[in-house]
Structure formats: C-alpha cells, structure tokens
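# Residue-level structural notes
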Amino acid sequence: MPNRKKLLVVVTRKLPDRVETRMRELFDARLNIDDTPMSQADLVEAAKMADVLVPTVTDRIDAAVLGQSGERLKLIANFGNGVDNIDVTTALQRGITVTNTPGVLTEDTADMTMALILAVPRRLAEGLEVLEHGEWKGWSPTWMLGHRISGKRLGIVGMGRIGQAVARRARAFGMSIHYHNRRRVSPAVEEELEATYWESLDQMLARMDIVSVNCPHTPATYHLLSARRLKLLRPEAFVVNTARGEVIDENALARMIDAGELAGAGLDVFEHEPAVSPKLIKLSRTGKVVLLPHMGSATIEGRVDMGEKVIINIKTFMDGHRPPDRVLPSML
Ligand code: 8YV
C-alpha cells in the first residue's frame, strides 16, 4: 500500500449518506453521487487510478478490467456478499486482495426469501391486483384458494448463513426443513433446525414442495438447477430464488411453469439483470410467478451495515492488517 496520507477509494455507486460521509472523512473518496452505473471503460479508468475499488453487484470487474489496473490498486472491497461480479482468481494473481460484506444482510435476505415462500402459494400478488383493478366481487368460500405452507417440505439449496436463517423462519411457519450443501452442517445446527441433510440434490428435489436457492453463484453452481434437475421436481412444487439468477436455468424454469410442469416461482434475482425474461414477466401476470427486482438486502439498516463493513475492511487493510472479510480461493 503506498505511503500516502489518504487512500484513493473509488466507490462505483451511490451509498447511504452516513456511509459516504464516513468515507469522505477517512479516505480520498471518489463517490458516485448521481448513481449512474459505470461502463466497462469507466471501471478501467477507476482501476487505473484507485488504491481501493468499491464495486457492487452491477459492476463486472473482469480480467480485462483487472489487466489494465494500476500498480496502486491493492484492494477490491466489494459492497456485497456475493463476489461473482469479480474475477477473484485474476485479482488474487495480481496481488489484489478482495473482501466482501458477509453476515450483515443475512436476516434481510432471509426475510425476503420467506416473503416469496409465502407470496406464491398464497397468491399475494393476485390478491393485490384484484383490489387495484377494483375487481373484488366479495368473499367466496372457493375463491382465490392457494396452498398451505405449514406441513410442507422446504428444500434449501445452500445451507450457509442465509440458508440457515431461512430454515429458522420456515420452522416457525411449520415447514419441515431439508437441505443440500457442499458440506453437511454441524449436528448442533441440524438438531436446532430439525433439518434433514440430502447428499444427493437430485433425490432431495424430487421430494420437495418448495425449493429455496440460497447458495452463491460460482462456476460449480452455475445452472445447478438445470433443465434436467428442474424436471425432477414435482409439478406441484414452487421454486424461490433470492441468491443469484445464474444458479437456475431461467429459460427452462419459465418454460416449465408455462407448461404446467411446475406450480410457480418467486424470484428476486435473474440471469441477466437488469433484464428479465419476457416469459417470466408474462407469467407474473398470471400470478404463477412473483418477481422482485433484486431487493433481498434492500433495507437502509442493511445497506448502512454493508457500508460499515466495507470501511472496516479498507481501514484494516490500510493499517497493514488482514481485513476481516477476505475472499479466499477456497470460497469460490
Ligand atoms: C446486494 C447481494 O444488494 O450482497 C449480495 O450478494 O446479492 C445483494 O443483496 C448486492 O450484491 C450489492 O452489491
């Protein structure tokens, strides 16, 4: 790290005021006040001049950007948990440390997951739409019937912090918890969550009522829910995704819901954000899918906490210590 008074920190998007104020005090912070997303060329310019780059999920910090980064760039302090927007391997090869913001968005993302688990089977979006259009003819015993959540089997794909937080909530709603994960969680956690571990994802999928994707997007999880695996699901099953769109073959999912081969989906993330497949948009009009624009961690508290984590990572690094949230190759 160069011996200069204040580090030049380039922040790619507008962050909460409190975070920006603190960054201005601590660093030579170049902020993006009007929040215009940066182009690849802008990112190259930023990587050329910065000591520290603070990107978000909307910035693709790929080998081309990193290949043109300046000598000074020594830290990429991602404002976000997932680091699939960054070519971490290339960064590490170039001696650039990468950090993220784990832990502080767990509860918010789990809340949003639970909201989607409820929204689709209980037809929330359809109910809202009826009222908005002034089409409610009054209560009827057989109208707008959805499906009960309690007693249903929830299959969680990825039992990290967020997966476990979802499991805790789902337990309280009377669901039975099943999970697939690279590594089995500790017996204590399994016991607390009364969770059943499935070594075989295929076997788990075939038996679930609702599947929730809570794993990171890595080369190993790209299209983990492929067309072949989606076909293993029961036609009554629902899929919820608050992790990354790339984990599911989005086209196959839309096709199957449209064909009645799956009951529906609640999606907060998409394969080609901010583009959303027109097929999914069309399905959202039928109520079979509920779509949200990547809002899982969108609380003011969460975003301030994320910003504070970014600051701690930068400050620790600046002081010559290992930042607490380093991304290591073993995590990819
Ligand atoms: C963030 C997320 O809003 O942290 C993550 O991995 O998916 C989001 O909730 C986003 O990544 C910020 O960069």
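Now for a quick tour of the structure. From a predicted model like this one, the values you see are computed outputs, not experimental measurements.

### Things to note about the packing of aromatic side chains
Evaluation of the coordinates by the stated rule reveals 1 aromatic pair. Judged by centre distance (5.2 Å) and plane angle (45 degrees), the ring pair of Tyr-179 and Tyr-197 falls under tilted. A residue pair is termed long-range when its members are at least 10 positions apart, and Tyr-179 in strand S7 (residues 176-180) and Tyr-197 in strand S8 (residues 195-197) qualify at 18 residues. Tyr-197 gets classed as partly exposed once you look at its relative accessible area, which sits at 21%.

### Points about the packing of helix H5 (residues 106-119) against helix H7 (residues 161-172)
In the contact formed by H5 and H7, the axes pass within 8 Å of each other and the chain directions differ by 50 degrees. When the axis of H5 is compared with that of H7, the two are oblique. Of the two possible hands of crossing, H5 and H7 adopt the one that is right-handed. Across from Thr-106, Glu-107, Thr-109, Ala-110, Asp-111, Thr-113, Met-114 and Ile-117 in H5, the residues of H7 making contact are Arg-161, Ile-162, Ala-165, Val-166, Arg-169 and Ala-170.

### Let's talk about the pattern of salt bridges
Per the stated rule, a full pass over the model turns up 23 salt bridges. A salt bridge links Arg-171 to Glu-194; the shortest N-O distance between them is 2.6 Å. Taken together, the residues Arg-171 in helix H7 and Glu-194 in the loop between helix H8 (187-193) and S8 connect sequence positions 23 residues apart. Arg-171 sits in the partly exposed class, given a relative accessible area of 29%. A salt bridge links Asp-202 to Arg-228; the nearest nitrogen and oxygen atoms lie 2.9 Å apart. In this pair, Asp-202 is assigned in helix H9 (residues 201-205) and Arg-228 in helix H10 (residues 227-230), connecting sequence segments 26 residues apart. Residues joined in a network through salt bridges with shared partners are Arg-153, Asp-209, Arg-234 and Glu-236.

### Remarks on the environment of Leu-332
Inspection of the secondary structure assignment puts Leu-332 in the segment after helix H13 (300-318). For Leu-332, a relative accessible area of 35% translates into the label partly exposed. Sequence separation between Leu-332 and Thr-89 is 243 residues, and the spatial gap between their C-alpha atoms is 8.8 Å. The contact partners of Leu-332, leaving out residues within four places of it in the chain, are Val-83, Val-88, Thr-89, Arg-182, Thr-218 and Val-327.

Criteria and thresholds
- Residues numbered from 1 in each chain as written.
- Predicted model: local features only at pLDDT ≥ 70, side-chain atom pairs only at ≥ 80, totals over all residues.
- Heavy atoms only, no water.
- Phe/Tyr/Trp six-rings, centres within 6.5 Å; stacked < 30°, edge-to-face > 60°.
- Helix = DSSP H or I, 4+ residues; strand = E, 2+ residues; numbered from the N terminus.
- Buried < 20%, exposed > 50% of the residue type's maximum accessible area, 1.4 Å probe, protein only.
- Axes fitted to C-alpha atoms, helices over the stretch in contact; angles between N-to-C directions.
- Parallel < 35°, antiparallel > 145°, perpendicular 65-115°, else oblique.
- Left-handed = near helix turned anticlockwise from the far one by under 90°.
- Contact = heavy atoms within 4.5 Å.
- Salt bridge = Lys/Arg side-chain N within 4 Å of Asp/Glu carboxyl O.

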